[in-house]
Amino acid sequence: MPNFIDITGQRFGRLVAIRPTDQRKGGQVLWECKCDCGNIVKTVQTSLKAGTTKSCGCLQRDVTAQMGRNRAKDLTGLRFGRLVVTRLTDKRKGGRFVWECKCDCGNVIEAHSPSLLSGDRKSCGCLAKEACLRLEKNNTIDITGQRFGMLVAIRPTGKKKKGSTSSPAIWECRCDCGNIIEVQKKNLLRGSKKSCGCLFHEMMVEHGKSIDVHKVFGLVENTSLSMLKDKKPRKDSKTGYRGVYFSNRDQKYIASIGFKKKDKKLGSFDTLEEAVKARAKAEKEIYEPFLKKYEENYLEDEKDKNK
């Protein structure tokens with residue numbers, strides 16, 4: 001075996017050469033080596049002697065992990081709800097750092113940085129368990145005859161919310177408006193349900209009374225002023241002009257104009273220029289007088305109101 005050098009037992013970084021194999025790579029003998037981490041790998045002698053291969057790959061992973069730890073925001077000792085961070089682990093979850101945390105109840109868990117920083121993780125799970133126990137306790141409270149906003153609890157129905165494993169918590173309630181509805185007890189107790197829906201409807205009606213629709217939508221005589229003034233074509237326009245499109249059926253350019261919720265066809269034309277000219281003429285004859293009338297009369301009325 002020409003140029004063969006026995007390196008059995010020699011150490012190269014984390015690798016120890018065990019034996020030469022019958023395999024070749026680029027004409028060189030592949031040596032079987034054992035890594036300090038326990039893995040067995042095969043590599044050529046030149047890579048070992050040159051120092052380009054020093055482990056099974058764990059060395060690079062450890063170096064990368066250490067670099068990551070150096071860059072990680074240190075959360076050690078910080079409190080997140082019931083959790084206190086004790087140390088950074090070597091684990092990653094979705095590329096995020098995983099921290100060991102101790103809960104006030106004594107349990108030790110692991111959580112990644114985003115869940116802690118965002119507030120999604122506040123305990124080992126004991127908070128959720130306690131919330132479930134409180135809910136279960138609330139479900140045993142008799143609320144017959146009690147008032148919740150416009151609702152008065154009549155009786156428990158014996159029904160459960162679909163998928164719920166807790167005790168029945170759906171109550172029949174009478175609204176002040178006369179409607180009978182079924183409501184989850186927890187929604188009554190926390191105040192998120194106060195009527196059959198009529199309260200919200202009344203609020204919207206009252207809110208609607210205070211809204212000047214014409215001001216909100218820029219309407220004058222049911223016509224949008226902004227639409228009349230806007231010269232930009234629609235995003236789906238293939239001609240690049242408002243009110244002008246090409247009819248594949250007629251093989252003609254069609255011009256039209258809309259005013260006071262009505263569309264008026266201006267005609268069919270052989271060329272785009274003719275259709276655009278017809279549209280421009282209609283705008284001048286229909287839009288311009290209306291806008292001028294608005295500026296002279298409507299705005300003047302507004303000024304009088306504000307005096």
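Remember, predicted model here, so these are calculated numbers, not experimental data. (Residues numbered from 1 in each chain as written. Predicted model: local features only at pLDDT ≥ 70, side-chain atom pairs only at ≥ 80, totals over all residues. Heavy atoms only, no water.)

**Let's talk about the overall build of the protein**
A count of helical and extended segments in the protein gives nine helices and 17 strands. When each of the 307 residues of the protein is scored for burial, the buried share is 29%. A fraction of 33% describes how many contacts in the protein between residues 6 or more apart in sequence connect residues 24 or more apart. Split by element, the accessible area of the protein, about 21000 Å² in all, is 51% carbon and sulfur. (Helix = DSSP H or I, 4+ residues; strand = E, 2+ residues; numbered from the N terminus. Buried < 20%, exposed > 50% of the residue type's maximum accessible area, 1.4 Å probe, protein only. Contact = heavy atoms within 4.5 Å. Areas by Shrake-Rupley, 256 points an atom, 1.4 Å probe, with all protein chains shown as cover.)

**Brief notes about the pattern of salt bridges**
Enumeration according to the criterion identifies 12 salt bridges in this entry. Between Arg249 and Asp250 there is a salt bridge, and its shortest N-O distance comes to 3.4 Å. With relative accessibility at 35%, the residue Asp250 sits in the partly exposed group. The partner of Lys252 in a salt bridge is Asp270, with the nearest N and O atoms 2.3 Å apart. (Salt bridge = Lys/Arg side-chain N within 4 Å of Asp/Glu carboxyl O.)

**Some details on the side chain of Thr21**
If you trace the backbone, Thr21 turns up in strand 2 (residues 15-25). From its side chain, Thr21 meets the backbone nitrogen of Gln23 in a polar contact 3.2 Å long. From its side chain, Thr21 meets the backbone oxygen of Leu30 in a polar contact 2.7 Å long. If we skip the residues at most four places from it in the chain, Thr21 touches Val29, Leu30, Glu32 and Lys42. (Polar contact = N/O pair within 3.5 Å; in protein donor to acceptor, adjacent residues only side chain to side chain.)

**So, the sheet that holds strand 8 (residues 108-112)**
On the basis of which strands lie adjacent, the open sheet formed by four strands has the order 5-6-7-8 and antiparallel pairing. Every interior strand has two partners, whereas the edge strands, strand 5 (79-80) and strand 8, have only one. (Pairing = 2+ DSSP bridges.)

**Quick look at the pairing of strand 6 (residues 83-93)**
With two bridges joining them, strand 5 and strand 6 adopt antiparallel strand pairing. Bridge pairing links Arg79 to Val84 in strand 6. Between strand 5 and strand 6, which follow one another and run antiparallel, lie two residues, and Gly81 among them has a positive phi close to 70°. Once strand 6 ends, the chain turns through two residues before running back antiparallel as strand 7 (residues 96-103), passing Gly94 with a positive phi of about 65°.

**Here we look at the confidence of the model for the protein**
This prediction gives the protein a mean pLDDT of 81; 78% of its residues lie at or above 70. When mean pLDDT is compared element by element in the protein, strand 8 scores highest at 93, while helix 7 (residues 213-217) scores lowest at 47. (pLDDT = per-residue confidence, 0-100.)

**Examining unusual backbone geometry**
Note: most residues except glycine have negative phi, and most peptide bonds are trans. Phi is positive for Gln251, which is not a glycine, with a value near 55°. Note on placement: Gln251 falls in the loop between strand 15 (244-247) and strand 16 (252-259).

**Let's talk about the environment of Ala275**
With respect to the secondary-structure elements, Ala275 resides in helix 9 (residues 272-306). In this structure Ala275 comes out as buried when scored by relative accessible area, which is 0%. When the C-alpha atoms of Ala275 and Val244 are compared, they prove to be 6.5 Å apart, with 31 residues separating the residues in sequence. When residues no more than four places from it in sequence are discounted, the contact partners of Ala275 are Val244, Tyr253, Ala255 and Phe269.

**Let's talk about the pairing of strand 17 (residues 262-269)**
Judged from the seven bridges that link them, strand 16 and strand 17 form a sheet pairing that is antiparallel. Looking at strand 17, one finds that Phe259 is bridged to Lys262.

**A few points about the nonpolar core**
One finds Leu75, Leu83, Val85, Trp99, Cys101 and Leu116 to be the most contacted residues of the largest nonpolar core, which totals 14 residues. Secondary-structure elements contributing two or more residues to this core are strand 6, strand 7 and strand 8. In terms of residues, this core owes the most to one element, strand 7, which gives four residues. Not counting residues up to four positions away in its chain, the partners in contact with Leu83 are Leu78, Cys101, Lys102, Cys103, Ile109, Leu116, Arg121, Lys122, Ser123 and Cys124. Met150, Leu151, Trp171 and Cys198 belong to the second largest nonpolar core, which has 12 residues in total. (Core = buried A, V, L, I, M, F, W, Y, C linked by side-chain atoms within 4.5 Å.)

**Some points on the environment of Cys124**
Positionally, Cys124 belongs in the loop between helix 3 (113-117) and helix 4 (126-138). C-alpha of Cys124 to C-alpha of Glu110: the two residues are 14 residues apart in sequence and 8.8 Å apart in space. Cys124 has contacts with Leu83, Cys103, Cys105, Asn107 and Ile109, leaving out every residue within four places of it along the chain.

**What to know about the state of the cysteines**
A complete count under the given rule lists zero disulfides for this structure. No disulfide involves Cys35; its sulfur sits 3.6 Å from that of Cys58, the nearest cysteine. (Disulfide = S-S within 2.5 Å.)

**With respect to the sheet that holds strand 15**
If you walk across this open sheet you meet the three strands as 15-16-17, and the pairing is antiparallel. Each edge of the open sheet carries a strand with a single partner, namely strand 15 and strand 17. Strand-to-strand twist in this sheet, taken as the mean axis angle between neighbours without regard to direction, amounts to 30°. (Axes fitted to C-alpha atoms, helices over the stretch in contact; angles between N-to-C directions.)

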